[in-house]
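Survey of secondary and tertiary structure
Take a look at the letters that make up each chain.
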Amino acid sequence: MIALATPAVPPAADCGTASPCGGRLYGGPAGALTFGLLPKKWIKRRLFRHQGGMERNAPPITFFTERTLATYLAVSDRTIRNWIRRGELPSYKLGASRRIDPADVDAFLAQRRDEPA
């Protein structure tokens, strides 16, 4: 019978106890991990120059949908659609939905306020 001369336990480097990467965690550069991001020293920072036009800190313009306007005015969705259909309330068709500009809503309400009841 032939006896094999194999150690009972593999060497420490094969067990994962010794670092295969030369003492650096996870391999790679000896610096901090960037997880795919460039180090800050490589990034060229450009100063923002305002080119005029729209204000930089202006809030985004939000339009009403038929449903949100109905909730805002405490009327039904059908009433909003009727106003749009009759041309009393301007709207924009974007895809399958309609959007109503808040300025148009203000003008519509001002017109309604001035009418005698």
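What comes next concerns the included structure. Throughout, residues of each chain are indexed from 1 in the direction in which the sequence is written. With pLDDT at 70 or above as the cut-off, local features in this predicted model cover only qualifying residues; side-chain atom pairs require 80 or more to be listed or tallied, and sums for whole chains, interfaces and linings still use all residues. Water and hydrogen atoms play no part in the side-chain values, which are based on all heavy atoms of the structure.

1. Notes on the side chain of D101
This is how it is decided: Secondary structure is summarised from DSSP: a helix means a run of H or I of at least four residues, a strand means a run of E of at least two, and numbering begins at the N terminus for each. Exposure categories follow from relative accessible area, calculated using a 1.4 Å probe and restricted to protein chains: below 20% of the type maximum is buried, above 50% is exposed, and the middle band is partly exposed. His is not counted here, nor are the chain ends, while Lys and Arg score as positive and Asp and Glu score as negative. The salt bridge criterion pairs a side-chain nitrogen of Lys or Arg with a carboxyl oxygen of Asp or Glu, the two atoms within 4 Å. The contact criterion used is simple: two residues touch if any of their non-hydrogen atoms lie within 4.5 Å.
Relative to the elements of secondary structure, D101 occurs in the loop between β2 (97-99) and α4 (102-114). Of the side chains bearing the opposite charge, R99 lies closest to the buried D101, which forms no salt bridge; the N-O distance is 11 Å. Other than its neighbours up to four places away in sequence, D101 contacts F63 and Y92.

2. What about the pattern of salt bridges?
In total, this model carries four salt bridges according to the counting rule given. Measuring nitrogen to oxygen at the nearest pair gives 3.6 Å for the salt bridge that ties D77 to R67. Pair noted here: D77 is in helix α3 (residues 77-85) and R67 is in helix α2 (residues 66-73), with a separation of 10 residues, a long-range link. Here R112 ties to E88 by a salt bridge, and the two come within 2.4 Å at their closest N and O atoms. Residue R112 is found in helix α4, and its partner E88 is found in the loop between α3 and β1 (92-94); the two are separated by 24 residues along the sequence. By relative accessible area, R112 is classed as partly exposed at 36%.

3. Quick word on α3
To keep things clear, this is the line we draw: The arc in question is the one spanned by the directions pointing from the helix axis to the C-beta atoms.
For α3, the complete set of buried residues consists of I80, W83 and I84. Buried residues in α3, looked at end-on, bunch into an arc of 100°, giving them a common side. Pointing more than 90 degrees away from the buried face of α3 are the exposed residues R78 and R85. Once α3 ends, the next one or two residues include G87, with phi positive near 85°.

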